[in-house]
Amino acid sequence: MTLNIQNHPCFNDSARHTFGRIHLPVAPKCNIQCNYCNRKFDCMNENRPGVSSKVLSPKQALYYLDNAIKLSPNISVVGIAGPGDPFANPEETMETLRLVREKYPDMLLCVATNGLDVLPYIEELAELKVSHVTLTINAIDPEIGQEIYAWVRYQKRMYRDRQAAELLLENQLAALQKLKRFGVTAKVNSIIIPGINDKHVVEVARQVASMGADILNALPYYNTTETVFENIPEPDPMMVREIQDEAGKLLPQMKHCARCRADAAGIIGEINSDEMMQKLAEASL
Ligand code: SF4
Ligand code: SF4
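Residues numbered from 1 in each chain as written. Chains lettered and ligands numbered in written order. Predicted model: local features only at pLDDT ≥ 70, side-chain atom pairs only at ≥ 80, totals over all residues. Heavy atoms only, no water.

Enquirer: Honestly, the sheet that holds strand β7 (residues 157-160) in this entry has me stumped. Any pointers?
Expert: Strand pairing in a sheet relies on backbone hydrogen bonds, with the paired strands running either antiparallel or parallel. In spatial order, the strands read β2-β6-β7; together these three strands make up an open sheet with antiparallel pairing. Each of the sheet's edge strands pairs with one partner strand only, and the pair in question is β2 (32-34) and β7. Strand-to-strand twist in this sheet, taken as the mean axis angle between neighbours without regard to direction, amounts to 20 degrees. Bridge count between strand β6 (residues 149-154) and β7: four bridges; the pairing is antiparallel. Bridge pairing in β7 links V152 to Y159. Set on the sheet, helix α5 (residues 161-181) makes contact with β2, β6 and β7; between it and β6 the angle comes to about 60 degrees. (Pairing = 2+ DSSP bridges. Helix = DSSP H or I, 4+ residues; strand = E, 2+ residues; numbered from the N terminus. Axes fitted to C-alpha atoms, helices over the stretch in contact; angles between N-to-C directions. Contact = heavy atoms within 4.5 Å.)

Enquirer: What am I meant to see in the site of ligand 2 here?
Expert: Not every one of the 10 residues close to ligand 2 is listed here, only the nearest: C10, F11, H23, E46 and C110. Of the residues in the shell around ligand 2, the class split is six nonpolar, two polar and two charged. (Near = heavy atom within 4 Å. Nonpolar A, V, L, I, M, F, W, Y, C, P; charged D, E, K, R; others polar.)

Enquirer: Would you mind going over the site of ligand 1 with me for this structure?
Expert: Neighbouring residues of ligand 1: C30, I32, Q33, C34, Y36, C37, R39, C43, M44, N45 and N114. Residues belonging to the shell around ligand 1 are distributed by class as follows: seven nonpolar, three polar and one charged.

Enquirer: Honestly, the sheet that holds strand β4 (residues 108-113) in this entry has me stumped. Any pointers?
Expert: Strands sit in the order β9-β8-β5-β4-β3-β1-β10 across an open sheet of seven strands; the sheet is mixed. Because the sheet does not close on itself, it has two edges, and the strands there are β9 (215-220) and β10 (265-266). Looking at chain direction, strand β1 (residues 20-23) and strand β3 (residues 75-80) are connected through four bridges and run parallel. Bridge pairing links I22 to V78 in β3.

Enquirer: Would you explain the side chain of H8 in this entry?
Expert: Structurally, H8 is set in the segment before β1. Overall, the relative accessible area of 0% leaves H8 in the buried class. Excluding residues within four positions of it along the chain, H8 makes contact with A15, V77, L108, C110 and H132. (Buried < 20%, exposed > 50% of the residue type's maximum accessible area, 1.4 Å probe, protein only.)

So this is what it looks like as structure tokens:
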């Protein structure tokens, strides 16, 4: 198999029944607090909420990958998406990407992040031929952003309220522009939270489209207990469809997102096999 971005099952609808992806759960910490997130579980920006992954060291992750490929040779993409944020754990994330690239020169590499701390790593991501990066951008107006984020921890300082939302947004948009300068495919996730940003997601689409984002995944917020948003209902499918249709006039939409968990492995939409879970458990010993 050669490195071919058409083989990415999350970005190419026709590849998703043929090629699989694996997430390596090497990034436990997070650098922000989203009001919809309960950190007992995986990052909700990319992953299926309500499940928690084991955490592996970079070497354990490579061992797991070796075994997973034996079980599922159609894996074409290795992603890092948590269970926290990849760049709140940059040593682990970058070391894992280096190890995988060294051993599997043809593998597609992918990361999903909230975008706060990715900026200094973009050159190396491009050098490592990380072809796809997902940024979760839920607001392009700090007035709305401050409703969504409780705090942001950046360069050892805590920020709250509007300042936190401004800082996060600034870094996200700078990252998006730099990713495009380095030729990386950029997907933007925008989580639809009724009453908070549902009327705003199309504006997010407009802004990120103008900055070169390749695809938007406008996905429904998932209600979890013990969060600030625990009383906010999930958006109904009609609301999601209307937003996706409107945003679709501005840039391509991803509509088959399966909210994969941070240790997902195999074909999208299929649950991890028992054998795969066994390999994960062995790797974490
Ligand atoms: Fe949770 Fe992910 Fe937000 Fe961090 S970025 S608070 S892990 S949803
Ligand atoms: Fe990349 Fe997200 Fe697909 Fe994982 S689910 S491989 S992070 S696009």
